[in-house]
Amino acid sequence: MTALLRQFKDFFVSLRLTVVLLGLSIILVFWATLAQTDLGVYGVQQKFFHSLFIMVKIPGTEFPFPVFPGGYCIGGLLFINLIIAQISRLHLSWRKFGIWITHLGLIMLLVGELLSGLLQQDNDIVLDNGQTKNYAESQRQNELVITDVSDPKIDDVTSIPLDLVADLKTVQVPQIPFQIVAKQFFPNAEIASRAQAPNAPAAPATQGVGTQAVLMPLAVTVKDNERNEPAASIELVGSEGSLGTWLVSADPAMPVQKFDYKGKTWKIAMRATRRYLPFSLTLVKFSHDVYPGTDIPKNFSSLVRLHEDSNQSTREVLIYMNNPLRTHGLTFYQSGFANQDRTAILQVVRNPSWQLPYIACLLMTGGLLFQFSIHLVGFFSRRKPEVKLA
Amino acid sequence: MKKFIPFLALVIAVLVIAVSVTPVKNSTAFDLVGFGQLPVLSNGRIKPLDTVARSSLLQLQGKQSVKLSDGTKLSPEAWLLDVFFRPEKADTYPIFSIHNQELLSLVHKGSANESSEFLSFKDFIPYLQSIEDQAKLAGPIEEKSRTAFQRSVIQIAEDLMLYERLEHTIEKPGTTDFLGELLQFQKDIPAGVQAVRLKQEGKAHDEVIAQKVIEEGKQFMDLSQATTIMVIPSADPVGHPSQWRTMGQSLLESFEQGGIEPSALAFAGIGYAWQKQNTDQFNQLIPLYRDELNNGYAKALKKTSVETHFNTAEPFYISLCLYTLAFIIAIISWLKWPDSLGRASFIFVLSAWLLSTAGIATRMWLEGRPPVTNLYSSALFVGWGAVALCLILEVVYKNAIGSVAAGLIGFGTLLIAHHLALSGDTLEMMRAVLDSNFWLATHVVIVTTGYASTFLAGFLAIIYIIRGVFTHTLDKATADSLARMVYGIVCFATLFSFVGTVLGGIWADQSWGRFWGWDPKENGALIIVLWNALILHARWGGLVKQRGLMCFALFGNIVTSWSWFGTNMLGIGLHSYGFTEAAFWSLALFVLSQIALIGIGNIPLKNWRSFKANP
C-alpha cells in the first residue's frame, strides 16, 4: 500500500472522523429544525438533507456558495467511514458481534433514508362526500394541460411541465395543432373577478374568463398547510396566427375554459399535477368526532369505496387515524378535512423502500442490546471480587 | 445517635406519607368533600367537581386555595359553591392574577394600587368590553409575534370567560331563588306547553302562562350556551355514557319530558341549601344525589372519589419535599457520617419515588392510558425514570451519589410538572392521532426513558465537576465510580433514545406511510441519539478521558432539554401540542447554567481542589 493510500485509509477509518461527522450531523439537524420556521419542512428537506452542501447566496448577488455539508455529504461520508472501519478495524468476534449488527443496521437505515428521499412521492386526494376520483394530486407541483374534449367518451390530455411555462418557453407537440407560448408566469397569485376589484389592472388575457378577471400576484408561501397557486398567461399560436391569450390559474375555483379550433373542442387549464391510480376511490362518508363538550378531535375517518377496473372488484374500506389503507404500494391516510366536514383530504404516499427501516431498526436494537448486555455482565462480574474483599 | 438516623428517617417518611394519603375530613360542618366528589363531564371526561375547582383556580391564580383580603382561606369546593350559588360574594374574591403593568393600567389599577396583582371579577366589570376589544385585536396575531400585553390581555379574556362559564354552570344569571323558580316551572309545564301549542295553532289559549313558559325557554336556551360543564348525567348510562348535558340543555328537554330531571333539582336544592347556609339540608342532599347516581354511575362515582382523594393527597408535592430532604441529607453525608446519613437519604429517595409511583399509577388508572400522555406527565415520568436508575446506582455503589442525583432530578422535574399544571386539568383527552394506547405505551414511554437517562448522565457529570472543582471530596475511587456510572448510563440512554425514536418512526409509518419526516420533535429525538452515540465513539476512540466524558455528558442536558421543550417552542410541526410561552426563559437560563458548568469543568485540573490536595 502506498503512503498516500495509507493516509487515505487512516483518515477514513478513524473514530475521530466518526465523531466529527456525528457532530456535524447534530449541527445540521439542529440548524434545519430552526430553519423550518422560514422554509417549511419541504424546503428544509431539499436544502439541508437532500443536498451535498447547504448553499447560501453571497449577499448582494445571486451566486450560491456552499457553507456547510448537507445530508448527502455527511451521510455519504459516514457510510464510507462505517464500511471501511468495519472491514479494516473491527474483527469478527463474539465480543464485537453487537457492534457489527448495529453498524449493519445503521448502513441499512442510511440507505433507506437515501432511497426514500429519492423515491418517495406524496400526493393528496381531495374527495367530497360521494365524489369519485382515479387520480391523486401533487401538493406542490402543477401542470399546464391542453385537452382535446371533442370526443365525449375520451379526453385526450397533453400535460406540459410547469418549468417550461415558468421559463416562458414556446412548446410545440405533434398532438396539438397550435403552439403554446408562455407570456407571463406568477408562482403564486390570486384571481378575482373584475366586478370585485373594478380599479385593478386587467389580467393579461384576450380570450376566456381572463378577460373578466384581475390577477393579484402573491408571495410564495412555504407553510406546510398552504399551497402556492401559480398563474400564467398563455398565448396559443396556430398556423394562421395567434388565437389569443388565455389566463390560466391553479386556483380550483377557476372556471373551465373551452374553445374551438379546426373542428375540435379544446380545454386549457392549469392544475395540480395528477398521478393516476390503477383504481378509483369514492368517498362514501367522512366523519369527524369530537370529545363531548369540547372541540378536541377524537377521530377522523373516511369510508371509501375502492373500485378496480382490471378485475371489476369493489370493496369498502374505513380509513381512520393510525389506520391507513395500504394497497398497490400506496398508503392512503387521513390527513385533513375541509368544507364543514363534507370534504376529506387523504394523503397518498408511495415509498417503495418502506420495509428497510423496519429491518434496520430490528438489527440495531438487537445489536445495541447485545453489546450493552456484554458491558453490564462484564461490569458486575468485575465488581463481585471487590465486594467480597470489602 | 448515628445508628438511629436511618430508622428515624424511615419513621418520618412513613408518617409523612401516611398523613398525606389519609382522606381529609370536612373542615366545616358542610359536607364539602362529598360535594367535591360529585361527577360532571367537562373537557371530554367525567371528573369530580373538586378537579373542576382546583384546575380552574390553578389556571386563574396559580394556586389551589383562595385567600380572601381579610386573610380567611377558602377550600376549592367552598369557592366553587360560592361561584355557582352566591356569585355576588364570589365576584369579590381576588382570584385573578395579573402581572402585566399595561394590563393593570387598562383596568386602572396600575400606579394607584401597584401591589395588588390579585383582582376580583368585580374589579373587571367596568372594563369587560375594553378587555374583549383588546383581546379581539390581539387574536389574529400569531402567537409568537404577540407582545407581552397582547398575550396578557388574551389570557385574562380567557380567564374571565372561564370564570363566567363556571358561574353559569347551574343557575341563571340574576336569579335569587333558582330552586323556587324551578319548582314553579315544574308546576307550569303541563299548562304552559298546552297553552303554547294552542297559540301556535292560533286557537284560544292562556296568553299569560304561554308567555311565561316561552320566556323561561329563552332563558334556558341562554343558560345552555353559557357553559361547557355538563352537570346532568346521560339518561342512558349504558348505551350513551357520554351524552351528558348542561343544566340549560336538561331544562330545555323538560318541556318534552313534562318534568324536570331529578339531577337538575338536586343541584338546585344543593344551591338553595348553600345560599341559606343550611348544613343539615346540604348534608342530606349530597348522599341523596349520590344514591341516585349509583344507578348506572357507580363506577364513575368510584373514580371521582379516588380522584378527589388523589387531589387532596398531593402525592407529587409530598414527593418533591421528600426529594429535597433526601438531597440535603445526601450532601451532608459526604461530609459526615456517610453510612447512616447515606442510608437515611436513600430511604427518603425511595419513599418519594414510591409515592410518585403511586401517583402516576393513579393517574394511569383514572385516564385508562399509559403513563405519558402530555408534557405534564412526561415531566413526571422523566423524574420517575431517572430516580429509578438512581436507586439502582445507589444500591450498587452506596456512595450517596445516586441519592444526590435523585434529589436534584426528582425536585427539578416535579417543579417543572407543577408549572405545567398551571394551564388547567392535566388529565387531558388525547387528540385523534395520539389516541393509540399501544404506541403511547411503547414509543412515548421508551423515548421518555431515553430523556430521563440522558439527563441522569448529565446530572452525575455536574456532581463530578462541582465536587472536583470546589471540594476535596472527589478522590480517585469516587471519580472512577462516577465515570463508570456516567458511561453505563450513556449506554442505557443510547439504547432507549434510539429504540424510542425508531418506534416513533414506525408509528409514523403505520399512520402516515412515512418513516421519517424531519419534524422538529423527531429531529430533537434524533439529536439525542446522535449525541449519545458521539459520546460513546469519542470515548472508545480515546478522544476524551474522564473529564471530557463529564463535559460531554453535561452537554447532553442541553440537548435533551432542547428536544423536550425547545422543539415545542418553535410552534411548528406535528408535535407542537405542548407550546409553553413562559418556559422559554427558564429553558434559556438552564442552558446558560449548563454552559457555565461546562466552562467550570474546563478549568485546568491542577486548579481543581480535589486534585490539588490529591495529585
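Quick caveat, the model's predicted, so the values are computed rather than measured.

Q: Looking at this structure, I do not really get the overall build of chain A. What am I missing?
A: Scanning chain A from terminus to terminus reveals six helices and 18 strands. Since a compact globule built from 390 residues should have a radius of gyration of about 21 Å, the 28 Å found for chain A marks it as more spread out than a globular shape. Counting only C-alpha atoms, chain A reaches 100 × 60 × 45 Å along its principal axes. Burial status across chain A gives 27% buried among its 390 residues. For chain A, the proportion of contacts with a sequence separation of at least 24, taken over those separated by at least 6, is 54%.

Q: Quick question: what am I supposed to make of the overall build of chain B here?
A: Looking only at helices and strands, chain B features 24 helices and six strands. A burial count over chain B gives 47% of its 615 residues as buried. Long-range contacts, defined as pairs at least 24 residues apart, comprise 71% of the intrachain contacts of chain B with a sequence gap of at least 6.

Q: Sorry, what's going on with the sheet that holds strand 7 (residues 179-186) of chain A here?
A: Strands belonging to one sheet form pairs held by backbone hydrogen bonds; the direction of such a pair is parallel or antiparallel. Residues and elements named next belong to chain A. The strand order 6-7-10-11 describes an open sheet built from four strands, whose pairing is antiparallel. Whereas interior strands pair on both sides, the edge strands pair on one side only; in this sheet they are strand 6 (170-171) and strand 11 (241-249). By the bridge criterion, seven bridges tie strand 7 to strand 10 (residues 231-238) in an arrangement that is antiparallel. Bridge pairing in strand 10 links Gln-184 to Ser-233.

Q: Sorry, what's going on with the interface of chain A and chain B here?
A: Many descriptions give the size of an interface as the accessible area lost when the pieces come together. The partner chain B presents 50 residues to the 48 residues of chain A that form the contact. Secondary structure elements with two or more residues in the side of chain A that touches chain B: helix 2 (15-49), helix 4 (97-119), strand 14 (297-308), strand 17 (330-338) and helix 6 (355-389) of chain A. Among the elements that make up the side of chain A that touches chain B, the one with the highest residue count is helix 2 of chain A (18 residues). Residue classes in the side of chain A that touches chain B are distributed as 28 nonpolar, 17 polar and three charged.

Q: Before we go on, may I ask you to explain helix 14 (residues 279-313) of chain B in this structure?
A: Quick reminder: α-helices carry 3.6 residues per turn. Residues three or four places apart thus point the same way. Residue and element names in this part refer to chain B. Over its 35 residues, helix 14 extends only 26 Å from the first C-alpha to the last, a length that falls short of the 51 Å expected when each residue adds 1.5 Å. The sharpest bend along helix 14 reaches about 110 degrees and sits at Tyr-297. Taken together, the buried positions of helix 14 are occupied by Phe-282, Leu-285, Ile-286, Tyr-289, Lys-303, Thr-304, Glu-307, Thr-308, Phe-310, Asn-311 and Ala-313. After helix 14 finishes, the residue Glu-314 shows a positive phi value of roughly 45 degrees.

Q: Would you mind showing me how to read the domain arrangement of chain A here?
A: Under the domain assignment used here, chain A contains domain 1 (3-120 + 355-389), domain 2 (122-131 + 276-350) and domain 3 (134-275). In this structure, domain 1 of chain A and domain 2 of chain A have C-alpha centres spaced 37 Å apart.

Q: Any chance you could explain the confidence of the model for chain B here in plain terms?
A: Residues and elements named next belong to chain B. Residue-level pLDDT values for chain B average 87, and 96% of them are 70 or greater. The model gives residues 572-579 a pLDDT under 50, and that stretch makes 22 contacts with residues more than four places away or in other chains. With pTM at 0.86, the complex prediction returns an ipTM value of 0.86.

Q: Explanation requested: the packing of helix 10 (residues 178-200) of chain B against helix 13 (residues 262-275) of chain B in the structure shown.
A: Any two packed helices are characterised by the angle at which their axes cross and by the distance between the axes. Residues and elements named next belong to chain B. Where helix 10 meets helix 13, the closest approach of the two axes is 8 Å, and the angle between their N-to-C directions is 145 degrees. The segment helix 10 lies against helix 13, with Phe-178, Leu-179 and Leu-182 engaging Leu-265, Ala-268, Gly-269, Gly-271 and Tyr-272. Here the residues of the contact of helix 10 with helix 13 are counted per class, giving six nonpolar, two polar and no charged.

Q: Can you help me understand the packing of helix 16 (residues 338-367) of chain B against helix 18 (residues 401-420) of chain B in this one?
A: All names here are of chain B. Following both chains from N to C, one finds helix 16 and helix 18 inclined at 35 degrees, their axes separated by 9 Å at the closest point. Considering how the two elements wind past one another, helix 16 and helix 18 form a crossing that is left-handed. Residues Gly-342, Ser-345, Phe-346, Val-349 and Ala-352 of helix 16 lie in contact with helix 18, whose contacting residues are Ser-403, Ala-406, Gly-407 and Gly-410. Partitioned by chemical class, the residues of the contact of helix 16 with helix 18 number four nonpolar, five polar and no charged.

Q: What should I look at first to understand the pairing of strand 13 (residues 264-290) of chain A in this one?
A: It is a general feature of regular strands that their side chains alternate between the two faces of the sheet. All names here are of chain A. With 12 bridges joining them, strand 4 (residues 132-148) and strand 13 adopt antiparallel strand pairing. Looking at the pairing, Thr-147 lines up with Lys-267 of strand 13. Pairing of strand 12 (residues 257-261) with strand 13 involves five bridges; the strand directions are antiparallel. For Lys-258, the partnering residue across the bridge sits in strand 13 and is Lys-267. Connecting strand 12 to the next strand, strand 13, in antiparallel fashion are two residues, including Lys-262 with a positive phi near 50 degrees. Looking at chain direction, strand 13 and strand 14 are connected through 10 bridges and run antiparallel. Its bridge partner being in strand 14, Leu-281 is matched across the sheet by Leu-306. In this structure, the hairpin formed by strand 13 and strand 14 is closed by a connection of six residues, where Gly-293 is found at a positive phi of approximately 75 degrees.

Q: Is there a simple way to think about the nonpolar core in this case?
A: Here is a general trend for soluble globular proteins: nonpolar side chains tend to be buried in one another's company. Residue and element names in this part refer to chain B. The biggest cluster of nonpolar side chains holds 127 residues, and the ones touching the most others in it are Ala-326, Phe-348, Ala-405, Leu-456, Leu-460, Val-486 and Ala-553. Of all the elements, helix 19 (residues 437-470) adds the most residues to this core, at 16 residues. Those residues in contact with Ala-326, other than ones at most four positions away along the chain, are Ser-345, Phe-348, Val-349, Ala-352, Ser-403, Ala-406 and Gly-407. Judged by nonpolar contacts, the second largest core, of 61 residues, contains Leu-38, Tyr-93, Leu-119 and Leu-166.

Q: What exactly am I supposed to notice about the environment of B:Val66 here?
A: Residue and element names in this part refer to chain B. Structurally, Val-66 is set in strand 3 (residues 66-67). With 23 C-beta atoms counted inside 10 Å, the residue Val-66 sits in the buried group. As for Val-66 and Ala-148, which are separated by 82 residues in sequence, their C-alpha atoms are 26 Å apart. Not counting the four nearest positions on each side in its chain, Val-66 is found in contact with Leu-57, Lys-73, Leu-74, Trp-79, Tyr-93 and Ile-95.

Criteria and cut-off values
Residues numbered from 1 in each chain as written. Chains lettered and ligands numbered in written order. Predicted model: local features only at pLDDT ≥ 70, side-chain atom pairs only at ≥ 80, totals over all residues. Helix = DSSP H or I, 4+ residues; strand = E, 2+ residues; numbered from the N terminus. Rg over C-alpha atoms; globule rule 2.2 N^0.38 Å. Buried ≥ 20, exposed ≤ 12 C-beta atoms within 10 Å, placed from the backbone. Contact = placed C-beta atoms within 7 Å. Pairing = 2+ DSSP bridges. Nonpolar A, V, L, I, M, F, W, Y, C, P; charged D, E, K, R; others polar. Expected span 1.5 Å × (residues − 1). Bend = angle between axes of the 7 residues up to and from the residue. Domains from an automatic or database assignment. pLDDT = per-residue confidence, 0-100. Axes fitted to C-alpha atoms, helices over the stretch in contact; angles between N-to-C directions. Left-handed = near helix turned anticlockwise from the far one by under 90°. Core = buried A, V, L, I, M, F, W, Y, C linked by C-beta atoms within 7 Å.

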